[in-house]
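# Commentary on secondary and tertiary structure
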Amino acid sequence: MVGVGESWRADKFHLLSAFWILPFLLAFKNNSMVGIELRQEERNFVGSLKEQGILDNNFDHVLDLRSTDNPRFVVEVISMFLNDADNCIAELNRHLNQPVINYARVINYAHQLKGSSSSIGGRQVNLACRELRYASDNMDRDRCFEAFNKLKDEYQILKSNINMIIQIERTIIASESRRRRRLLHP
Amino acid sequence: MEIIPFFSIILFLSSPKNPFLDHTHTHHSGKLEISFMEFGATSRKKNKMVNGNQKFRTEITALVVDDDTTNRTIHRRLLQNLGIENQEVRNGKEAIDIHSSGRNFDLILMDMDMPIMNGIEATKQLRAMGIRSTIVGVSTRSMEEKVQEFMEAGLDDYQEKPLTSAKLISILHKMNHNGSV
């Protein structure tokens, strides 16, 4: 049978341990849980974009390449893609508005954008590029314009959505950076 | 009893299944030393690891030949994640030039459509120069005729873009087992 004193010590230890664990759990929630919640938000957002056909599974491969030694990888790759894609769209616009269309150049830029959009998982942009490529192969001016207008629309949709992913990534990076600093300097 | 939650937290944090632990491998200056367990843990699809404890060891270098910045970055990252020292060039001519300068690579990831010199021409020239590296064609082209032409130029293998970790591991597996693909 446990004496009154021993019972009191057990109760006191129970209270102290709960008190000790609580700040730890709160700190854990404030830093790591924010990162976890943001990652979940990102997954949900990417999932919805895949359901709409804007992204495909190739984007998951890009996310898989993220690591602790290069947390900014996804931001860098998306930024790189947008920079090159903006240039491709501008060049396509320029060449398609020439009095005499240089279809070889149009094919070149359409193929380039098709390749990079495929790597980033930009499904609709990839399909639109394919359509523009076919139209250029056939030197069909009207079909080229139609395909290019579709491409511009799909690219704007992709661009605005992956810019949002960049924002989420930057918030996650900032949150994880704060967490590491707190762990190093409690 | 009251310390059980505390120890359960400690056990969780030190567990190999803790998603917050860094499972990335260590790069040993060109030497590839990786276990599929480690590689599987770095992947999101943790339930689809290949041969849990199998070790994969080699020393290889790679060259990425692609005119697109995004593709070069992704392919280089894939190689870096597997501890493979790598370089990049932007077209077939630069691939020829880098070999002419005396550099040699175990693995060349060759894009098909590039300005100045495409992958088919570059592959032919590299083989004519006596380069025996493993050359893997990587392209979005799926037309059998074009792929056949690319293979006949001297490729060891062809993979459709985008290149993934799984595709790259299968290429390295073949190199490890056969000495070449």
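Structure: see above.
Structural notes, computed from the coordinates. (Residues numbered from 1 in each chain as written. Chains lettered and ligands numbered in written order. Predicted model: local features only at pLDDT ≥ 70, side-chain atom pairs only at ≥ 80, totals over all residues. Heavy atoms only, no water.)

## Quick look at empty space enclosed by the protein
Evaluated as defined, the whole model comprises three cavities of 30 Å³ or more. Every residue along the wall of the largest cavity is listed here: Asn58(A), His61(A), Val62(A), Leu65(A), Ser119(A), Ile74(B), His75(B), Leu78(B), Pro162(B), Leu163(B) and Thr164(B). Counting residues per element, the ones that place at least two in the lining of the largest cavity are helix H2 (58–64) of chain A together with helix H3 (69–81) of chain B. Taken together, the residues of the lining of the largest cavity break down into six nonpolar, five polar and no charged. For the second largest cavity, the calculated volume is near 60 Å³. Looking at the second largest cavity, the residues that line it are His111(A), Gln112(A), Gly115(A), Ser116(A), Asp66(B), Asp67(B), Asp68(B), Asn71(B), Asp111(B), Asp113(B), Thr140(B) and Lys161(B). Here the lining of the second largest cavity gets four residues from one element, more than from any other, and that element is helix H4 (residues 103–120) of chain A. Its residues assigned to classes, the lining of the second largest cavity shows no nonpolar, six polar and six charged. (1 Å grid on protein atoms, 1.4 Å probe; cavity = no way out; pocket = protein on both sides within 12 Å on 5 of 7 lines; lining within 4 Å. Points joined across faces, edges and corners; volume = space filled by probe spheres on them. Helix = DSSP H or I, 4+ residues; strand = E, 2+ residues; numbered from the N terminus. Nonpolar A, V, L, I, M, F, W, Y, C, P; charged D, E, K, R; others polar.)

## Here we look at the sheet that holds strand S6 (residues 134–139) of chain B
Residues and elements named next belong to chain B. The sheet built from five strands is open, its strands ordered S4-S3-S5-S6-S7 with parallel pairing. Lying at the two open borders of the sheet, with one neighbouring strand each, are strand S4 (85–89) and strand S7 (157–160). Averaged over all neighbouring strand pairs, the angle between strand axes comes to 20 degrees, with direction disregarded. Relative to the sheet, H3 contacts strand S3 (61–65), S4, strand S5 (107–111) and S6, its axis offset from that of S4 by approximately 170 degrees. Where helix H5 (residues 119–128) meets the sheet, its contacts fall on S5 and S6, and the angle it forms with S5 comes to roughly 150 degrees. (Pairing = 2+ DSSP bridges. Axes fitted to C-alpha atoms, helices over the stretch in contact; angles between N-to-C directions. Contact = heavy atoms within 4.5 Å.)

## Describing the nonpolar core
The nonpolar side chains of a soluble globular protein tend to be buried, and buried together. Counting residues in hydrophobic clusters, the biggest one holds 64 residues, and the most contacted among them are Leu151(A) and Leu107(B). Not counting residues up to four positions away in its chain, the partners in contact with Leu151(A) are Ile89(A), Leu92(A), Leu113(A), Val125(A), Ala128(A), Cys129(A) and Leu132(A). In this structure, Leu63(B), Ala95(B), Phe105(B) and Phe150(B) belong to the second largest nonpolar core, which totals 22 residues. (Core = buried A, V, L, I, M, F, W, Y, C linked by side-chain atoms within 4.5 Å. Buried < 20%, exposed > 50% of the residue type's maximum accessible area, 1.4 Å probe, protein only.)

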